[in-house]
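These are the residues of each chain, in order.
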Amino acid sequence: MPSRAFITGLVGLTVSASERAFIREASPWGLIIFKRNVNTPEQVTELTRSFRDAVGWEAPVLVDQEGGRVQRLGPPHWPAYPPGARYGALYDREPAAGLAAARMAGHLIAADLIAVGIDVDCLPLADVPVAGSDQVIGDRAYGTEPAKVAAIAGAIAEGLTAGGVLPVLKHLPGHGRARADSHKQLPVVDTDRATLEKTDFAAFKPLAGLPLGMTAHVVFSAIDPVAPATTSVTMVREVIRGFIGFKGLLMSDDVSMGALSGTLAERSRAALSAGCDVVLHCNGDLREMTEVASAVPELAGDAATRAEAALAQRKAPEDFDVAQARALFARMVGEQPQRMTVS
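On a predicted model such as this, the values are computed, not experimentally measured, just so you know.

Rules behind the numbers
Residues numbered from 1 in each chain as written. Predicted model: local features only at pLDDT ≥ 70, side-chain atom pairs only at ≥ 80, totals over all residues. Heavy atoms only, no water. Phe/Tyr/Trp six-rings, centres within 6.5 Å; stacked < 30°, edge-to-face > 60°. Helix = DSSP H or I, 4+ residues; strand = E, 2+ residues; numbered from the N terminus. Buried < 20%, exposed > 50% of the residue type's maximum accessible area, 1.4 Å probe, protein only. Lys NZ or Arg CZ within 6 Å of the ring centre and 35° of its normal. 1 Å grid on protein atoms, 1.4 Å probe; cavity = no way out; pocket = protein on both sides within 12 Å on 5 of 7 lines; lining within 4 Å. Points joined across faces, edges and corners; volume = space filled by probe spheres on them. pLDDT = per-residue confidence, 0-100. Contact = heavy atoms within 4.5 Å. Arc of directions from axis to C-beta. Pairing = 2+ DSSP bridges. Axes fitted to C-alpha atoms, helices over the stretch in contact; angles between N-to-C directions. Parallel < 35°, antiparallel > 145°, perpendicular 65-115°, else oblique. Left-handed = near helix turned anticlockwise from the far one by under 90°. Nonpolar A, V, L, I, M, F, W, Y, C, P; charged D, E, K, R; others polar.

**Side note on the packing of aromatic side chains**
Under the counting rule described, the total for this entry stands at five aromatic pairs. Considering the side-chain rings of F6 and F22, the 6.1 Å spacing of their centres and the 65° angle between planes classify their relative orientation as edge-to-face. Remark: F22 occurs in helix 1 (residues 17-26) and F6 occurs in strand 1 (residues 4-8); sequence separation between them is 16 residues. Owing to a relative accessible area of 9%, F22 belongs among the buried residues under this scheme. An aromatic cluster is defined as three or more aromatic residues linked by ring pairs; in this entry it consists of Y81, Y87 and F329. Positioned over the ring face of F243 is K205, at 4.3 Å from the centre of the ring.

Take a look at the structure:
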């Protein structure tokens, strides 16, 4: 059965009977995992296996595993990773060291994820924060200079890919300037287009070849004064696909977030009509999941081609001495080695 154009969440630690029936009927393209879905490595492994068994193929399983405040798999079973700003601070002292630490972080995170059946990480960020912006990005960002942000993001993506995990570039075309948290309300950025192209958008351009990307629920009033990037034909066509040149599969950010308006079906259709290939729905509410599934079509045309191209980039992890790399990484980022060791 062909996949439908959405990624779903689950409510708990196992795939319930009702969720299994939903997955078999609705055929989501992928699954995204949150802390509520995580207990032990054995449990997560069984969860990912059960999802793929229900959907009937090796569908992608995603997670937001950045480090710092955004880390779904954590102690005591998985290492705690530093926030993105740590790599930026290292880069400021010695660019090569910052990039090496970022790449190693990506590879180590990938080793954690691939071991439990997760093969997509919603990382790296290329958001460029400014003074006065909401702290929803904050220390998740690698810095405030577009070239530096792009370089560190690229290094993390390289590390993830080397470890067998696909990276997701976010939040296209930039969440760093937003003065509100899009989980709660719709941010509006009034900066002129020329400035945006030199700063926010510029950080994404060197990363346009990454296989997967996620939109920002942010209005850029100089380009589209009404619709956020997720549901704006103009933003997707002229900025994300045009100026930035992103060629990969484009997924929405979570359509259940407070920034968007309308029913979930309306939000989902608007995102796809704007040019997103896949809709992301995260909260695990089966009623909402069913509404999203009923609103989206089967993956077809260019969206299906981009989905196939992205998954074709999945590869076996490179040989990697994880224990040795963890000890080296701990020294590089200034953590005590025991804090970076899996319990």
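This is not the end of the story, as more comes after the structure.
**Focus: the layout of surface pockets**
Of the voids in this model, the largest pocket is the one considered here, and its volume is about 330 Å³. Along the wall of the largest pocket there are 21 residues; nearest its centre are D64, R72, R140, H183 and D253. Of all the elements in the fold, those that place two or more residues in the lining of the largest pocket are strand 7 (166-172) and strand 11 (249-254).

**Quick word on the confidence of the model for the protein**
Predicted confidence across the protein gives a mean pLDDT of 95, with 97% of residues reaching 70 or more. Considering only residues more than four positions removed or in separate chains, one finds that residues 336-343, a stretch of pLDDT under 50, has 16 contacts.

**Structural notes on helix 7 (residues 233-243)**
Those residues of helix 7 not exposed but buried are M235, V236, V239 and I240. Angularly, the buried residues of helix 7 cover 120° about the axis, an arc narrow enough to put them on a single face. Here the buried face of helix 7 lies against strand 7, helix 6 (193-198), strand 9 (212-215), strand 10 (219-220), strand 11 and helix 8 (264-274). The first or second residue beyond helix 7 is G245, which carries a positive phi of 80°.

**As for the pairing of strand 9**
Across the two faces of strand 9 the burial is the same, with L212 and M214 and G213 and T215 all buried. Bridge count for strand 7 against strand 9 is three bridges, and the pairing is parallel. Paired with L172 across the two strands is T215, which belongs to strand 9. Bridge count between strand 9 and strand 11: three bridges; the pairing is parallel. Opposite M214, over in strand 11, you have M251 as the bridge partner.

**Section: the packing of helix 1 against helix 2 (residues 41-55)**
Running from amino to carboxyl end, helix 1 crosses helix 2 at an angle of 45°, the nearest separation of the two axes being 8 Å. Taken together, the axis directions place helix 1 and helix 2 in an arrangement best described as oblique. Helix 2 is crossed by helix 1, and the crossing has right-handed handedness. For the pair helix 1 and helix 2, contact is made by R20, I23 and R24 and by S50, F51, D53, A54 and V55, respectively. When its residues are assigned to classes, the contact of helix 1 with helix 2 shows four nonpolar, one polar and three charged.

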